[in-house]
Amino acid sequence: MIKLRKYTDKDEAAVVDVWCRSVDATHHFLSDHDRKEIESEVIEFLPKLPLMLAVNTLDRPIGFMFVHEGHMEALFIDPDFRGCGVGRKLVEHALIENPKLTTDVNEQNEQAVGFYKRLGFEETGRSPLDDQGRAYPLIHMSFKKGVKSS
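Calculation rules
- Along each chain, residues carry numbers from 1 onward, in the same order as the chain's sequence is written.
- Only residues with pLDDT of at least 70 get local features here, since the model is predicted, and only at 80 or more are side-chain atom pairs given and counted; chain-wide, interface and lining totals rely on the full set of residues.
- To get the side-chain values, take all heavy atoms of the structure and skip hydrogens and water.
- When two rings of Phe, Tyr or Trp (its six-membered ring) have centres within 6.5 Å they constitute a pair, described as stacked for plane angles under 30 degrees, edge-to-face for angles over 60, and tilted for the intermediate range.
- Throughout, exposure labels follow a simple rule: accessible area from a 1.4 Å probe, protein chains only, divided by the maximum for the residue type, with under 20% read as buried, over 50% as exposed, and the rest as partly exposed.
- Under the scheme used here, helices are H or I runs from DSSP no shorter than 4 residues and strands are E runs no shorter than 2 residues, and both carry numbers assigned from the N terminus.
- Contact definition: two residues touch when any of their heavy atoms are within 4.5 Å.
- For our purposes a nonpolar core is just a set of buried Ala, Val, Leu, Ile, Met, Phe, Trp, Tyr and Cys residues, chained together by side-chain atoms within 4.5 Å.

### Overview of the packing of aromatic side chains
Now for step 1: Under the defined criterion, the tally for this structure stands at six aromatic pairs.
Now for step 2: Ring plane angle 70° and centroid distance 5.2 Å describe the contact between F115 and Y116, whose orientation is recorded as edge-to-face.
Now for step 3: Among the aromatic residues, those joined into a cluster by ring pairs are F115, Y116, F121 and F143.

Here it is as structure tokens:
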């Protein structure tokens, strides 16, 4: 059973591990240099954010999300739990407080783009660079429809 709870300091190593494993499984388009640089940034700022976690029956983080002012800044799922409803559960939780939720998705992460479209997000624009100015195009998306069941 998947439960949601807020991040605490004891979750730091597990959350960074989820991020690393998730990125390694889905972000094959990142250069090695950029992957290492982004990981260093994540290790520094991720533990400072008010994250919502999805945890397994052992209370171990298997996914996390960060929403700021109605915009989902981060959603990462442990690759061993992809396809099990973890991401859907986190997004549904975010939609309760943010019915007009928006997010940005790396264009090259086609699985993530498809995931958001299945949940009812629609493309609202594009940017040629990511938020840090790297050449990884983003698709801007906004929630438009009711969450669909799989």
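From this point, the discussion proceeds with the structure in view.
### Brief notes about helix α4 (residues 110-119)
Now for step 1: Listed as buried for α4 are A112, V113, G114, Y116 and L119.
Now for step 2: Those residues of α4 that are buried are in contact with β4 (71-77), α3 (86-97), β5 (102-106), β6 (121-127) and β7 (138-143).
Now for step 3: Taken from the residues just after α4, G120 is the one with a positive phi, measuring 110°.

### Concerning the nonpolar core
Now for step 1: Judged by nonpolar contacts, the single largest core of 22 residues is most densely connected at M72, L75, L90, V91, L101, Y116 and F121.
Now for step 2: The element contributing the most residues to this core is α3, with five residues.
Now for step 3: Contacts of L90, omitting those with residues within four sequence positions, involve L4, M52, L53, A54, G63, F64, M65, L75 and I77.
Now for step 4: V42, A74, F76 and Y136 belong to the second largest nonpolar core, which has 19 residues in total.

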